[in-house]
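# Topology and contacts: notes
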Amino acid sequence: MAVPFVDMNRSHDPIRAELDAAMGAVIDRNAFILGDDVEQFEADFAAYCEVEHAVGTDTGTSALELCLRAWGIGEGDEVITAPNSFIATASAIAFTGAQPVFVDIEPGTYTIDVNQIEDAITPRTKAILPVHLYGQPADMDPIMEIADKHGLKVLEDACQAHGARYKGRRCGSLGHAAAFSFYPAKNLGAFGDGGALVTNDGELAEQMRMLRNYGQEVKYHHLYLAYNRRLDTLQAAVLLTKLPHLDEWNASRREAAARYDQLLEDSPLVTPAIADYAEHVYHLYVVRCGERDVVAECLDRAGIGWGLHYPIPIHLQPAYQHLGLGPGSFPVAESACAEILSLPMFPGLTAEEVQEVAAALEYGN
Ligand SMILES: *Cc1c(COP(=O)(O)O)cnc(C)c1O
């Protein structure tokens, strides 16, 4: 039995009629830009994240970048982040003109090592951008303490952590602001691209609304130089329909993860470490293996999907060569990138399929 890496139909099929109706209603209304669906989704998503404001954007990358811009971050500034994220985390910093400054990660959770952050702070540092990688929150309390002490802003990259909790609090409510992506395969995904910034800061939310919409305060009055980075109304209608199911989908991911944990317990593969502060939502189920090529070949032979998230750390990407950071700069992140492998993970992944994956890896037969 083949097992796909992701199968979104398992989430969509049971609510397909609702999704079609929601999209049909937008088409019937001929109201495709902003409007009620976007506003309602923003209100519902803010409430879900336990914050006051959400501002929909065209992508998660835009939410990250526009927030940094709203804080006045740009040329000559530095923003601290982790080197083992999706490229967009660093790109959002770089696009403002500021420089991404990387700090190595904790080997267990793959999130930023809070004990190394203060060493990276300079007079140019303006913000910290921790990533809740794979669906597990970074250790936010010490990050907020460091930020308070040094007068820095904190922007959570929550693009993989919809619904995750840190000491009982939702990701998105922990920093001064947080960015989410609704790329289709994320824990909450649109039928195309989408994103949002969430925050308790009303002034920031107002600025974000202008920055996503041509810098416009009221129609045809433009306060800022800005592009169009709006969340599509059709995507908002899809997201509004899907949001009430997010907790049940995350529970399904957690159930599959618990099965993997159990079946792979005695294998040489290292299963995900869960911090005691974390409620993980398993955007990805990432194991660590010494002989990754051999493991990948076993999975290929059995028709099982897998992925690498991410094979090359950002500081070693050609696009970031100008930072002048060679191999050895962040040894923990580099060795993780060389050994990680993502197994199939999505809502509706069955116990039999998890068993099949473990069997292909020659465990849990
Ligand atoms: C997906 C993702 C992004 C970017 O989101 P887009 O909506 O694709 O722009 C940023 N950071 C992380 C960690 C992501 O996983």
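Residues numbered from 1 in each chain as written. Predicted model: local features only at pLDDT ≥ 70, side-chain atom pairs only at ≥ 80, totals over all residues. Heavy atoms only, no water.

A few words on the overall build of the chain. A tally of helices and strands in the chain yields 13 helices and 14 strands. The globule rule puts the C-alpha radius of gyration for 365 residues at 21 Å, and the 20 Å found for the chain is close to it. Summarising its shape, the C-alpha atoms of the chain cover approximately 65 × 55 × 35 Å along the three principal directions. Across the 365 residues of the chain, 56% fall into the buried class. (Helix = DSSP H or I, 4+ residues; strand = E, 2+ residues; numbered from the N terminus. Rg over C-alpha atoms; globule rule 2.2 N^0.38 Å. Buried < 20%, exposed > 50% of the residue type's maximum accessible area, 1.4 Å probe, protein only.)

Below, the discussion takes up the packing of helix α10 (residues 246-263) against helix α13 (residues 351-360). Here α10 crosses α13 at 35°, and the two axes come no closer than 10 Å. Regarding α10 and α13, the two cross each other, and that crossing is right-handed. Only A351, V354, Q355, V357 and A358 of α13 make contact with α10, whose side of the interface consists of A256, R259, Y260 and L263. Within the contact of α10 with α13, the residues separate by chemical class into seven nonpolar, one polar and one charged. (Axes fitted to C-alpha atoms, helices over the stretch in contact; angles between N-to-C directions. Left-handed = near helix turned anticlockwise from the far one by under 90°. Contact = heavy atoms within 4.5 Å. Nonpolar A, V, L, I, M, F, W, Y, C, P; charged D, E, K, R; others polar.)

A separate point is the sheet that holds strand β4 (residues 125-129). One open sheet holds the seven strands; their spatial order is β1-β9-β8-β5-β4-β2-β3, and the pairing between them is mixed. Unpaired on one side and paired on the other, β1 (53-57) and β3 (99-102) mark the two borders of the sheet. With strand direction ignored, the average angle separating the axes of adjacent strands in the sheet is 25°. Relative to β3, strand β2 (residues 78-81) runs parallel, the two sharing four bridges. Its bridge partner being in β3, T81 is matched across the sheet by F102. This element, helix α4 (residues 60-70), spans β1, β4, β5 (153-157), β8 (177-181) and β9 (195-199) of the sheet and lies at about 160° to β8. (Pairing = 2+ DSSP bridges.)

A few words now on the pattern of salt bridges. Per the counting criterion, the structure on display carries 18 salt bridges. The salt bridge partner of E65 is R69, with a shortest N-O separation of 2.8 Å. Taken together, the residues E65 and R69, both in helix α4 and four residues apart, mark about one turn of the helix. In this structure, the salt-bridge partner of K167 is D141, at a minimum N-O distance of 2.8 Å. Taken together, the residues span a long stretch of sequence, with K167 in the loop between β6 (165-166) and β7 (169-170) and D141 in helix α7 (residues 140-150) at a distance of 26 residues. (Salt bridge = Lys/Arg side-chain N within 4 Å of Asp/Glu carboxyl O.)

In this model, the largest pocket occupies a volume close to 440 Å³. Residue lining of the largest pocket: 28 residues in total, with F86, S181, Y183, K186 and Y310 positioned closest to the centre. For the lining of the largest pocket, the residue count by class is 13 nonpolar, ten polar and five charged. A domain split of the lining of the largest pocket shows at least three residues from each of domain 1 (9-103 + 111-244) and domain 2 (246-364). (1 Å grid on protein atoms, 1.4 Å probe; cavity = no way out; pocket = protein on both sides within 12 Å on 5 of 7 lines; lining within 4 Å. Points joined across faces, edges and corners; volume = space filled by probe spheres on them. Domains from an automatic or database assignment.)

Turning our attention to the packing of aromatic side chains. To describe a pair of aromatic rings, you give the distance between the ring centres and the angle between the ring planes. In the structure shown here, the tally under the stated rule is eleven aromatic pairs. Taking 5.5 Å as the distance between ring centres and 20° as the angle between the ring planes, the aromatic pair formed by F41 and F45 counts as stacked. Of this pair, F41 and F45 both sit in helix α3 (residues 36-48), separated by four residues, roughly a single helical turn. Comparing F41 with F45 shows no difference in burial state: the two are buried. Between F45 and F180 the ring centres are 4.9 Å apart and the planes differ by 90°, which places this aromatic pair in the edge-to-face class. Residue F45 is found in helix α3, and its partner F180 is found in strand β8; the two are separated by 135 residues along the sequence. Owing to a relative accessible area of 0%, F45 belongs among the buried residues under this scheme. Grouping aromatic residues by their ring pairs yields a cluster made of F41, F45, Y48, F180 and F182. R170 extends its terminal NZ or CZ atom over the ring of Y48, reaching a point 3.9 Å from the ring centre. (Phe/Tyr/Trp six-rings, centres within 6.5 Å; stacked < 30°, edge-to-face > 60°. Lys NZ or Arg CZ within 6 Å of the ring centre and 35° of its normal.)

Right, let's talk about the side chain of H162 for a bit. Structurally, H162 is set in the loop between β5 and β6. What makes H162 buried here is its relative accessible area of 0%.

Most of β5 sits out of view: four of its five residues are buried. Alignment of β4 against β5, held across two bridges, turns out to be parallel. Along β5, the bridge assignment pairs A127 with K153. Viewed along the sheet, the connection from β4 through α7 into β5 turns out right-handed. Bridging between β5 and β8 involves three bridges; their strand directions are parallel. Within the sheet, the bridge partner assigned to D157 lies in β8 and is A179. (Right-handed = clockwise from strand over helix to strand, strands pointing away.)

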